[in-house]
Amino acid sequence: MIIDGHTRTCGLIGNPVEHTMSPMIHNTLAEKLNHNLVYVPFHVEEGQIVHAVRGAFSLNLLGLNVTVPYKSQVIPALSQVDELAEKIGAVNTLVRREDGFKGYNTDMPGLYRAMCSEGIQIEGQDVILLGAGGAARAVAFLCASKNVSRVYMLNRSLEKAEAVAEEVNEKTGKKCIYPMALSDYHELPEQKFLAIQATSVGLYPDVDRVVIEDEEFYRKVHTGYDLIYKPSQTRFMKMVRAQGGKAYHGLKMLLYQGIIAYELWNDVTVSEEMALQVYEVMKEKMGIKEEA
Ligand code: NAP
């Protein structure tokens, strides 16, 4: 690519950022769409997030992604926050406006687009949601906004699940999130569920771990969606498949949260065909030979 006086810059702010796949997503898109844009990771030290965002604005950056641990801490540095991001309380995309950056959350719509692309329907389903951390919170909002029937939110710390459930139920007015302790999984109704794995258990390098070891649990899962994408075949996915269910990893969620950010920055629509071309580049980089 040629960098010249017109090149626009986007990037990722977080800590750490060294293993990110986001530059691959955005630089591939820029190249394929012939946009004069580069995307760079920026490691931001603790306590520096507000300075970093103000500096980025002064340097005329077009947009930023935000990753751990700054998705909530970044909010005071913004001129506006989109309604959905405000509800979720987490911002992962900053879009340049006249008076500062506006914050969006593209994780949640990214997961929805990823699920649609896999043919997974969430509307009207009964869902098991494993976890109550930042990602699970966004998933709970997604489920409530897509009119799922019930979401059983299972978490190691019950109090955290209770707090998230109360907040999501109140903010959406849907009353569909039911908090449970992870250890009470055997109390789930006897039926089949869509299960969304949103804990960090099983993430590389601890690839042999899974949040629930009991195979009985997996008999209740018709479709398992693991937000983890490294490894691309998690133990959770293997256990779902061993009981006859379908299982997916979270790489497409990562892809679509990036694509939605790119669309916001550049005011374009990225076609599904283009998205899948970028996905092939990501899979190649990850060494994923065949689809899950
Ligand atoms: P987080 O806020 O730190 O939450 C971690 C969750 O995992 C909590 O619910 C925690 O339970 C649970 N957990 C951790 N260790 C556990 C253990 N030993 N046993 C049982 N539960 C345990 O993390 P996050 O930001 O929500 O991220 C969660 C996962 O989603 C990560 O693996 C991340 O890579 C993935 N993710 C993927 C994408 C994507 O684009 N595909 C996007 C965002 C996140 P407690 O509350 O009891 O501690």
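Computed from a predicted model, the values in this text were never measured in an experiment.

(A) Inspection of helix α2 (residues 49–58) at higher detail. All of the buried residues in α2 are Ile49, Val53 and Ala56. Each buried residue of α2 lies within a common arc of 65 degrees when the element is viewed along its axis, so the set occupies one face. Of the residues in α2, the exposed ones pointing more than 90 degrees away from the buried face are His51, Arg54 and Ser58. Buried residues in α2 make contact with β1 (8–14), β3 (63–66), β5 (93–97) and β6 (100–104). Trailing α2 by a residue or two, Asn60 shows a phi angle of about 65 degrees, which is positive.

(B) Layout of the domain arrangement of the protein chain. Assigned domains of the protein chain: these are domain 1 (8–105 + 252–286) and domain 2 (109–249). Measuring from the centre of the C-alpha atoms in domain 1 to the corresponding centre in domain 2 gives 25 Å. Contacts between the two partners involve 18 residues from domain 1, matched on the other side by 17 residues from domain 2. Regarding the contact of domain 1 and domain 2, the summed buried area is about 1500 Å², with carbon and sulfur atoms giving 63% of it.

(C) Looking closely at the site of the ligand. Residues in close proximity to the ligand total 23 residues, the closest being Ala135, Asn155, Arg156, Ser157 and Lys160. Separating an oxygen atom of the ligand from a backbone N or O atom of Ala135 is a distance of 2.7 Å. Within the complex, the protein chains bury 76% of what would otherwise be the 930 Å² of accessible surface of the ligand. Contributions of two or more residues to the shell around the ligand are made by α5 (134–145) and α9 (251–266). Broken down by class, the residue content of the shell around the ligand amounts to 12 nonpolar, eight polar and three charged.

(D) A look at the nonpolar core. Membership of the largest hydrophobic core comes to 63 residues, with the highest contact counts inside it found for Leu129, Met153, Tyr225 and Met282. Among the elements that take part in this core, α9 stands out by supplying nine residues, more than any other. Counting the residues that make up this core, at least three belong to each of domain 1 (8–105 + 252–286) and domain 2 (109–249). Listed in part, the 22 residues of the second largest apolar core include Leu130, Leu154, Leu188 and Ile212.

(E) How the structure looks around the layout of surface pockets. By volume, the second largest pocket is sized at about 170 Å³. The biggest single contributor to the lining of the second largest pocket is helix α1 (residues 22–32), with three residues. Taken together, the residues of the lining of the second largest pocket sort by class into four nonpolar, four polar and one charged.

(F) Quick look at the pairing of β3. Here β3 shows two buried faces, one formed by Gly63 and Asn65 and the other by Leu64 and Val66. Sheet topology note: the β1/β3 ladder contains four bridges and is parallel. When the sheet's bridge partners are listed, Gly11 is paired in β3 with Leu64. For β3 and β5, the ladder comprises three bridges, and the chain directions are antiparallel. Pairing of Leu64 across the sheet is with Leu94, part of β5.

(G) View of the pairing of β1. Judged by how many residues are buried, β1 sits mostly within the fold: five of seven residues are covered. Bridge count between β1 and strand β2 (residues 37–43): seven bridges; the pairing is parallel. Bridge pairing in β2 places Arg8 opposite Leu37. As for the winding sense of the linkage, the β-α-β connection from β1 through α1 to β2 is right-handed.

Parameters and conventions
- Residues numbered from 1 in each chain as written.
- Predicted model: local features only at pLDDT ≥ 70, side-chain atom pairs only at ≥ 80, totals over all residues.
- Heavy atoms only, no water.
- Buried < 20%, exposed > 50% of the residue type's maximum accessible area, 1.4 Å probe, protein only.
- Helix = DSSP H or I, 4+ residues; strand = E, 2+ residues; numbered from the N terminus.
- Arc of directions from axis to C-beta.
- Contact = heavy atoms within 4.5 Å.
- Domains from an automatic or database assignment.
- Buried area = accessible area lost by both parts, 1.4 Å probe.
- Near = heavy atom within 4 Å.
- Polar contact = N/O pair within 3.5 Å; in protein donor to acceptor, adjacent residues only side chain to side chain.
- Areas by Shrake-Rupley, 256 points an atom, 1.4 Å probe, with all protein chains shown as cover.
- Nonpolar A, V, L, I, M, F, W, Y, C, P; charged D, E, K, R; others polar.
- Core = buried A, V, L, I, M, F, W, Y, C linked by side-chain atoms within 4.5 Å.
- 1 Å grid on protein atoms, 1.4 Å probe; cavity = no way out; pocket = protein on both sides within 12 Å on 5 of 7 lines; lining within 4 Å.
- Points joined across faces, edges and corners; volume = space filled by probe spheres on them.
- Pairing = 2+ DSSP bridges.
- Right-handed = clockwise from strand over helix to strand, strands pointing away.

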